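Coordinates in review
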Amino acid sequence: METAETRRMRRENRIRARREGVDGGFDYSLLLITFCIIGFGMLMIYSASSYSAQVKHDDSTFFLRHQAENVAIGLVGMLLATRFNYRLFIRPLPLIRIKPVTLMYFTAIIMQIAVLVQGGGLNGAKRWLKIGPVSFQPSEFTKLVLIILTAYYIYRIPMHLPEWKRLLRVLAPISIPVALVIYQDFSSGCVILASVVGICFVASRRKLPYIGLAGIFGFLGYLFIFHISSSFRADRIAIWLDPEGHPKGTQIVHGLYAIASGGLFGAGLGESMQKLGFLPEPYNDMIFSVICEELGLVGAGVVILMFILLCWRIYMVAMRAPDLFSSLICVGVMIHIATQAIVNIAVVTNTIPSTGIPLPFISYGGSSVIFLMVEIGVVLGISAKSGQHEGEVSRR
C-alpha cells in the first residue's frame, strides 16, 4: 500500500522534472523553440522570396508553399523519430542479424556514390540525387547517420585504450563517407567532420591530440582547395578577399549592403531592397542578410538568441540522457546545428569564404529542414527516455 511519504516523493520528482524541462519525459521547451524557429523561417522565406516567386512563377507564395510541404514531411519524420527507441539503432535485426546503424552506414555510402554517377551539379559541386520525381541531398542523411555511428563507436570502444587508438577506431570507418561528401560538397563535408570530431572531443579524456588533428585537417583542406578540387573553390577564396573587385563577388557585396542598410531596427518586414533582383535566391543561403535588412541588428540578434536557446536545450537533454550513447547523439546534433548556423552567418558577413551551407530551419530547402527536424525528433525521443529513466530510479 502506498504511504504518504511515497506519494510526497513522487510529487516532488514530478515537480523537479517539470523544472528541468522534462514534463512527462518530454522536453516541451525544445519542441517550442524548434517550432518558433521554423515558423520564423517560413515568414522570412515568404518575405525574401515573394518578388522572385512572382517574377519566375507568377505566384508570390510559390516558395512558401513548397517549404510548407517540406516542413510537413519533416514534422512526420520528427514525430516518428520521437516515438522511435534510439537503442534500436544498435540492436541486431531479428532475421538478418545486422544492426540498423550498419545498414544506414552502407546506405549513406551507396547514396554518395550514386550522386557521383548521376547526381546533378550546381556551381561546380554535385549534391543532388534524383529518384523519380524526388530530388534530395544525400549529404543531409549522411550527417544524421555519422552522428549516430560516431556516438555508437565511442560507446562501445573500451575506455582503457590510449586516446589515439580510440580516435583511430572512430575515424577509420567514418573516413569513407566523409571523403565522399567532401569530394562532392566540401562545405557539407566540413560540417560533418566538425560534428564527428566534436563528439570525439567531448568524449575524450585528453584534449591535446585534437590540436594536432586540427592542423592535419587544415593542411589537407588547403591541398584539396588549391591543388585537387575544381577551380571554383579557389575563386571563392579570391571573392572573399576582394568581393568588390571580383566579377563574381556581387552576391557577397549586396549581402553586405543589406546588412549595412538595416541599421538597428531594420527597414521593416517585407521592405528589403536587395531581394528585388540584386541578391540571387535571397531565400536560400543569403536569407540572413534579408533578416538584417528588414529587422535590423535587433532581429538578427533575436535569431542568434533562438539558436543559442535551441542548443542549450539540446545540451540539457544530453546532460540528462540515460547513457553515453544517447548523450553523444545529442552532442552531435547540437554541434551540427551550431556549426551550420555559425558558418552560414559567417559567410553572409564575409567573415569566411562563401559556402553552400543553409541557415538551419530558416533557409529554403527540403533536404535540410526535413533531416534537421528528424534530428530534433531523435533528441526529443531521448528526452522522453531520460524522463522514464528518472521515474524508474525514483521508484527504486
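What comes next concerns the included structure.

Now for the packing of aromatic side chains. Taken as a whole, this structure holds 12 aromatic pairs when the rule is applied. Centroid distance F62 to F63: 5.1 Å. Interplanar angle 90°. Geometry classified as edge-to-face. You can call F63 buried: its relative accessible area is 6%. Just above the ring of W312 sits the side chain of R313; from NZ or CZ to the centre is 4.8 Å.

Overall, the coordinates contain six salt bridges when judged by the stated rule. With a shortest N-O distance of 3.5 Å, R320 and D27 are connected by a salt bridge. Linking R320 in helix α11 (residues 287-320) with D27 in the loop between α1 (4-19) and α2 (28-57), this pair joins segments that are 293 residues apart in sequence. As far as the burial class goes, R320 and D27 line up, both buried. Salt-bridge contacts for R65 lead to D59; the nearest nitrogen and oxygen are separated by 2.6 Å. Overall, R65 belongs to the partly exposed group, its relative accessible area being 38%. Among the ionic contacts, a cluster of salt bridges with common partners joins D27, R313 and R320.

So, about the side chain of S272. Locating S272 in the fold gives a position in the loop between α10 (250-262) and α11. Looking at S272, the relative accessible area reads 2%, which means it is buried. Side-chain polar atoms of S272 contact the side chain of E293, separated by 2.6 Å. Leave out the neighbours within four places in its chain, and S272 touches V290, E293 and E294.

Here the focus is the packing of helix α5 (residues 138-156) against helix α12 (residues 324-348). Relative to each other, α5 and α12 sit at 140°, their axes nearing to 8 Å. When the axis of α5 is compared with that of α12, the two are oblique. Crossing hand, α5 versus α12: right-handed. Along the contact surface, α5 presents K143, I147, I148, A151, Y152, I154 and Y155, while α12 presents L324, F325, L328, I329, G332, V333, H336 and Q340. Grouping the constituent residues of the contact of α5 with α12 by class yields 11 nonpolar, three polar and one charged.

As a further point, take unusual backbone geometry. Although it is not a glycine, E281 sits at a positive phi angle of roughly 50°. With respect to the secondary-structure elements, E281 resides in the loop between α10 and α11. Residue classification places E281 among the partly exposed residues on the basis of a relative accessible area of 39%. Positive phi values are uncommon outside glycine, yet F361 reaches one of about 70°. Along the chain, F361 falls in the loop between α12 and α13 (366-395).

Scoring rules and cut-offs
Residues numbered from 1 in each chain as written. Predicted model: local features only at pLDDT ≥ 70, side-chain atom pairs only at ≥ 80, totals over all residues. Heavy atoms only, no water. Phe/Tyr/Trp six-rings, centres within 6.5 Å; stacked < 30°, edge-to-face > 60°. Buried < 20%, exposed > 50% of the residue type's maximum accessible area, 1.4 Å probe, protein only. Lys NZ or Arg CZ within 6 Å of the ring centre and 35° of its normal. Salt bridge = Lys/Arg side-chain N within 4 Å of Asp/Glu carboxyl O. Helix = DSSP H or I, 4+ residues; strand = E, 2+ residues; numbered from the N terminus. Polar contact = N/O pair within 3.5 Å; in protein donor to acceptor, adjacent residues only side chain to side chain. Contact = heavy atoms within 4.5 Å. Axes fitted to C-alpha atoms, helices over the stretch in contact; angles between N-to-C directions. Parallel < 35°, antiparallel > 145°, perpendicular 65-115°, else oblique. Left-handed = near helix turned anticlockwise from the far one by under 90°. Nonpolar A, V, L, I, M, F, W, Y, C, P; charged D, E, K, R; others polar.

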